[in-house]
Amino acid sequence: MTALIEFIDVKSPEPPGEGLAGVSFAITPGQNGVFFGIEGSGLRSLTPLMTGMEDRYEGDILFLERSIRDLDYLGKQRYRNGIGYIHGDYGLISNLDVEQNISQRLEYYAGYDPAEITEITARLMETLGIYRRRHARPVELTRSEILRAAFARATVHDPELLIIEHAFVDQSPLNIRSSRTSMKERIFRGDWSTKACSI
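These lines cover the structure that appears in this document, whether it is placed above or below. (Residues numbered from 1 in each chain as written. Predicted model: local features only at pLDDT ≥ 70, side-chain atom pairs only at ≥ 80, totals over all residues. Heavy atoms only, no water.)

### Structural notes on the overall build of the protein
On a plain count of helices and strands, the protein comes out with six helices and eight strands. Starting at the N terminus and walking to the C terminus, you meet the elements of the protein as β-β-β-α-β-β-α-β-α-α-α-β-α-β. Counting the 199 residues in the protein, one finds 47% classified as buried. A separation of at least 24 residues holds for 70% of the contacts in the protein among residues at least 6 apart in sequence. When the accessible surface of the protein is summed, it comes to about 10500 Å², and 52% of that surface belongs to carbon and sulfur atoms. (Helix = DSSP H or I, 4+ residues; strand = E, 2+ residues; numbered from the N terminus. Buried < 20%, exposed > 50% of the residue type's maximum accessible area, 1.4 Å probe, protein only. Contact = heavy atoms within 4.5 Å. Areas by Shrake-Rupley, 256 points an atom, 1.4 Å probe, with all protein chains shown as cover.)

As structure tokens, then:
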């Protein structure tokens, strides 16, 4: 099966003291991977490289068997749009409410009309139990609601790859379990991959 993303002997100097020294792995559609390590192990280098935000590296990173270095502008957009990302601080925009935080991804990166965006966003919020909080700002949410809103924002565009970076740190087991249940439902479709970063 063709790898969704593949690292081939990747070496990276960034961030200083936490670069990578010859890392190779491949993730295929439907496969899940977990990367963990102590401080200074290079873990913090993975996500910027995987999301295409860092381009200072040796070796090669392939997306569907094509080097991301060789992608043209539209190819890079497709590559980035195929990734859902839950950052350690959740990345919700403070001056937008829950619904706006989630729908923004569809408005900027996909060809949906406004009615479709509203329907998709509402359905996902309902599934995750945050529909009643759709007009709340991030500062008004509980930790559980923040996690679910961040998960919705990262997955509303149905990405091929989901990257979860430290998002479960300091969350209660119940919050983690509810998020994992929603992830499992999508993962078991067999066409959706997850790469989780944790320290």
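More follows now that the structure is in view.
### Focus: unusual backbone geometry
We note that Leu64 has phi near 50 degrees; this positive angle belongs to a residue other than glycine. With respect to the element layout, Leu64 can be found in the loop between β4 (58–63) and β5 (66–67). A positive phi angle is found at Asp158, which is not glycine, with a value near 55 degrees.

### A word on the pairing of strand β7 (residues 161–165)
Summarising burial for β7: five of the five residues are buried, a large majority. Sheet analysis places strand β6 (residues 83–86) next to β7, joined by four bridges and oriented parallel. Bridging across to β7, Gly84 finds its partner in Leu162. (Pairing = 2+ DSSP bridges.)

### Some words on the packing of aromatic side chains
Taken as a whole, this structure holds three aromatic pairs when the rule is applied. Taken together, a centroid distance of 4.6 Å and an interplanar angle of 20 degrees make the contact between Phe7 and Phe25 stacked. Of this pair, Phe7 sits in strand β1 (residues 5–12) while Phe25 sits in strand β2 (residues 20–27), and the two are 18 residues apart along the sequence. This pair shows no difference in class: Phe7 is buried, exactly as Phe25 is. Ring centres of Phe25 and Phe35 lie 4.8 Å apart, and the angle between their planes is 55 degrees; on these two criteria the pair is classed as tilted. (Phe/Tyr/Trp six-rings, centres within 6.5 Å; stacked < 30°, edge-to-face > 60°.)

### Re the sheet that holds β4
Strands sit in the order β2-β1-β4-β5 across an open sheet of four strands; the sheet is antiparallel. The open sheet is flanked by β2 and β5, the only strands paired with a single partner.

### Points about the nonpolar core
With 24 residues, the main nonpolar core has Ile86, Val98, Ile102, Ile130 and Leu141 as its most contacted residues. Contributions of two or more residues to this core are made by α3 (98–109), α4 (114–127), α5 (143–155) and β7. Top element by residues in this core is α5. It accounts for seven residues. Beyond its immediate stretch of four places on either side in the chain, Ile102 contacts Thr121, Met125, Ile130, Ala149, Ala152, Arg153 and Val156. (Core = buried A, V, L, I, M, F, W, Y, C linked by side-chain atoms within 4.5 Å.)

### A look at the environment of Val139
One can find Val139 in the loop between α4 and α5. Separated by 45 residues in sequence, Val139 and Ser94 have C-alpha atoms that sit 7.1 Å apart.

### Quick word on the side chain of Asn101
Mapping Asn101 onto the fold places it in helix α3. A polar contact of 3.1 Å, which involves the side chain of Asn101, links it to the backbone oxygen of Leu96. In this structure Asn101 touches Leu92, Ile93, Leu96, Pro138 and Arg153, once residues within four positions along its chain are discounted. (Polar contact = N/O pair within 3.5 Å; in protein donor to acceptor, adjacent residues only side chain to side chain.)

### Some remarks on the pattern of salt bridges
If the charged atoms of two oppositely charged side chains come close together, the side chains can form a pair. Taken as a whole and judged by the stated rule, the model has five salt bridges. One salt bridge connects Asp9 with Lys11, and the closest N-O pair in it is separated by 2.8 Å. We classify Asp9 as partly exposed; its relative accessible area is 36%. The residue Glu145 makes a salt bridge to Arg133 at a minimum N-O spacing of 3.3 Å. Residue Glu145 is found in helix α5, and its partner Arg133 is found in the loop between α4 and α5; the two are separated by twelve residues along the sequence. Because the salt bridges share partners, they merge into one network encompassing Arg132, Arg133 and Glu145. (Salt bridge = Lys/Arg side-chain N within 4 Å of Asp/Glu carboxyl O.)

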